[in-house]
Amino acid sequence: MWLKLFFLLLYFLVLFVLARFFEAIVWYETGIFATQLVDPVALSFKKLKTILECRGLGYSGLPEKKDVRELVEKSGDLMEGELYSALKEEEASESVSSTNFSGEMHFYELVEDTKDGIWLVQVIANDRSPLVGKIHWEKMVKKVSRFGIRTGTFNCSSDPRYCRRRGWVRSTLIMSVPQTSTSKGKVMLKEYSGRKIEVEHIFKWITAHAASRIKTIYNAERLKEEWNKSDQYWVKIYLFANLDQPPAFFSALSIKFTGRVEFIFVNVENWDNKSYMTDIGVYNMPSYILRTPEGIYRYGNHTGEFISLQAMDSFLRSVQPEVNDLFVLSLVLVNLMAWMDLFITQGATIKRFVVLISTLGTYNSLLIISWLPVLGFLQLPYLDSFYEYSLKLLRYSNTTTLASWVRADWMFYSSHPALFLSTYLGHGLLVDYFEKKRRRNNNNDEVNANNLEWLSSLWDWYTSYLFHPIASFQNFPVESDWDEDPDLFLERLAFPDLWLHPLIPTDYIKNLPVWRFKCLGVQSEEEMLEGPQDIENDSDSESTDTFSSEKEVFEDKRNVVHNSPGRASHCDPEACSCANKYCQTSPYARRGRSYGSYSTNEDMEPDWSTWPADMLHCTECVVCLENFENGCLLMGLPCGHVFHQNCIVMWLAGGRHCCPVCRWPSYKKKQPYAHHQPLSNDVPS
């Protein structure tokens with residue numbers, strides 16, 4: 001994960017450097033920057049009209065170029081970047097889609113239930129022609145879509161009852177606008193009542209209704225009162241301009257940011273005394289001023305801060321984001337990081353896509369799961385102060401010069417998706433090249449694996465996991481007996497419960513206590529000469545030999561591993577150091593003998609001092625049903641029962657991870673017994 005995050009941050013750094021490189025090329029060829037101001041006098045009449053259309057200002061009553069130029073100057077300064085974006089948008093002849101409503105529920109879900117947007121719907125009555133023709137309607141759709149206004153067509157023939165209830169007996173235009181200034185408020189429907197069915201007149205009607213929701217100030221006293229007032233809005237944006245009404249993009253943003261940012265339009269057209277504006281820091285007209293608890297920010301003085309809908313939308317989202325904005329940003333970043341797995345993973349192509357799908361599913365699931373408690377915590381009233389401090393930190397960081405560069409790059413790459421995807425692919429190929437070179441230097445064989453080899457290894461792993469659920473987690477290779485005897489496979493299928501045994505590693509067996517069984521007064525001459533040190537070395541070597549022979553134990557599964565408790569359990573006489581008879585057929589065949597008896601072939605007392613303190617005293621192994629002989633290796637379980645080491649290792653390695661006597665789990669600790677020391681005259685029960 002950290003490697004993918006590193007490569008993603010490196011990719012963002014490459015995008016930042018590449019954007020600066022493009023700016024240097026443009027400056028070298030044309031001698032201008034994107035933030036350089038443009039003189040409207042030098043522009044043609046067509047370019048001036050394009051700027052006004054992008055800003056949302058009507059020019060139908062202005063036939064001369066001088067009037068159009070003055071209107072551009074009154075709406076705000078023009079930069080080279082804004083001019084380039086407006087001309088590119090005008091040249092793009094992409095058709096904007098319009099929604100066709102199928103009935104009342106469809107209309108309600110999209111129009112009446114939308115609280116933060118504007119809808120323009122053309123209603124076509126039964127057996128009537130539409131109010132706006134097809135050609136004019138397409139122009140209208142393209143014009144209003146620049147400002148985030150969605151369009152649709154409702155044909156009353158699909159739901160005549162709803163049209164009669166609404167009173168739509170003739171073809172008309174309907175506009176939906178949020179009724180209140182609170183987030184997720186009610187929606188009101190406005191019907192067009194004008195006589196002129198032209199695009200400019202309809203657009204003026206739309207912008208007039210949208211601008212009516214913006215608070216408008218006409219005198220200095222009202223401005224002073226509003227400037228010093230403290231209310232629920234922490235962030236306010238003021239437009240000081242000499243216009244009849246605010247531009248359409250400003251009105252559209254006021255609806256989009258309902259409940260988050262308050263939009264205020266200050267009309268200074270008929271002001272005589274403008275001294276108070278100088279006192280609050282407004283020197284130029286027009287001016288876009290962002291008022292926050294931290295201070296005043298003048299919009300338009302940094303890179304990428306154009307007088308357009310897209311530029312101001314990205315600026316306000318960074319300054320006053322909502323939870324949905326942060327979720328979408330985290331979703332994009334997580335998926336970009338997950339797609340890095342396609343290039344980091346080496347080997348077969350199928351393997352790359354399998355790993356990619358797995359990573360995408362895992363990362364998106366973890367993202368959604370991690371967002372659920374965050375949404376729950378944000379609803380708590382005790383976290384209001386934390387939320388306020390978080391927004392304050394965001395406002396401080398997103399009003400810097402570096403943040404303006406990042407926003408400008410985001411707008412540039414979002415308007416050129418092909419460039420974004422090609423740079424991401426090129427970065428991924430470079431990551432793949434260096435990762436492949438690094439793994440080849442480490443002699444990693446998976447780099448040269450093809451699709452068939454990887455699929456074959458995947459099938460081998462799957463069958464190993466399916467047929468050997470215990471052994472598939474071990475570090476040593478296990479040879480399968482299925483090929484030699486197919487009856488074992490059929491026998492396994494006959495008992496479905498055997499497939500569901502828990503997968504428990506056998507590493508804990510090495511930590512179980514091991515010691516030698518000794519009798520008091522019995523010691524051979526060799527042991528006396530060798531001494532205690534040799535006995536311990538012998539014990540360690542025998543323990544090591546026992547664990548190294550686990551492979552042979554697993555190979556003998558027909559006789560040992562696949563023995564269920566109700567079937568015959570065999571013990572190799574040569575494996576048990578104390579066995580001098582043939583092994584019995586079942587550990588439960590001699591239930592009449594007490595587990596605590598210690599009668600041996602010789603009338604000798606066992607040396608209990610060598611036993612661990614938490615082990616039960618006994619003289620017989622219930623696995624092989626043989627008595628303990630002097631010098632044989634014993635092993636104890638957490639429950640306190642003692643067995644021959646070889647016998648209990650074969651029992652546990654076969655998958656029965658419990659005590660043969662009490663069924664206590666052999667890997668789980670247990671409270672030690674408080675047993676008494678047995679007396680020599682105790683009579684076996």
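As recorded by an unreviewed UniProt entry, the protein chain carries the name E3 ubiquitin-protein ligase RNF103 isoform X1 and is attributed to Tursiops truncatus.

Kindly report on the state of the cysteines, identifying the contributing residues and their values.
As used here, a disulfide is simply a covalent bond connecting the sulfur atoms of two cysteines. One pass over the full model with this rule turns up 1 disulfide. Paired through a disulfide, C156 and C163 show a sulfur-sulfur distance of 2.1 Å. With the S-S dihedral at roughly -95°, the linkage between C156 and C163 falls on the left-handed side. C163 shares its class with C156; the two are buried. Its sulfur unpaired, C618 is 8.5 Å from the next cysteine sulfur, which belongs to C621. For C618, a relative accessible area of 0% translates into the label buried. Just so you know, C621 is unpaired, no disulfide at all, and the nearest cysteine sulfur is the one on C624, 3.8 Å from it. C621 sits in the buried class, given a relative accessible area of 0%.

Run through the pattern of salt bridges, naming residues and quoting values.
Inspection of every chain in the model, using the stated rule, returns 25 salt bridges. A salt bridge links E226 to K229; its shortest N-O distance comes to 3.2 Å. Accessibility expressed as a relative area gives 37% for K229, which makes it partly exposed. With a shortest N-O distance of 2.9 Å, R352 and D432 are connected by a salt bridge. Here R352, found in helix 15 (residues 349–378), pairs with D432, found in helix 18 (residues 417–441); they are 80 residues apart in sequence, far enough to count as distant. Side by side, R352 and D432 carry an identical accessibility label, which is buried. Each of K215, R222, E226, K229, K236 and E262 takes part in one network of salt bridges that share partners.

Report on the sheet that holds strand 11 (residues 514–516), specifying residues and quantitative values.
With antiparallel pairing, 3 strands are arranged side by side in an open sheet as 11-14-15. Looking at strand neighbours, the two that pair on one side only are strand 11 and strand 15 (642–644), the edges of this open sheet. For this sheet the average axis-to-axis angle between neighbouring strands, irrespective of direction, equals 35°. Relative to strand 15, strand 14 (residues 633–636) runs antiparallel, the two sharing 3 bridges. Residue M635 lies in a different strand from strand 15, and its bridge partner there is F643. Across the sheet, helix 23 (residues 645–653) is in contact with strand 11, strand 14 and strand 15; its angle to strand 15 comes to roughly 95°.

The rules behind each value
Residues numbered from 1 in each chain as written. Predicted model: local features only at pLDDT ≥ 70, side-chain atom pairs only at ≥ 80, totals over all residues. Heavy atoms only, no water. Disulfide = S-S within 2.5 Å. Buried < 20%, exposed > 50% of the residue type's maximum accessible area, 1.4 Å probe, protein only. Salt bridge = Lys/Arg side-chain N within 4 Å of Asp/Glu carboxyl O. Helix = DSSP H or I, 4+ residues; strand = E, 2+ residues; numbered from the N terminus. Pairing = 2+ DSSP bridges. Axes fitted to C-alpha atoms, helices over the stretch in contact; angles between N-to-C directions. Contact = heavy atoms within 4.5 Å.

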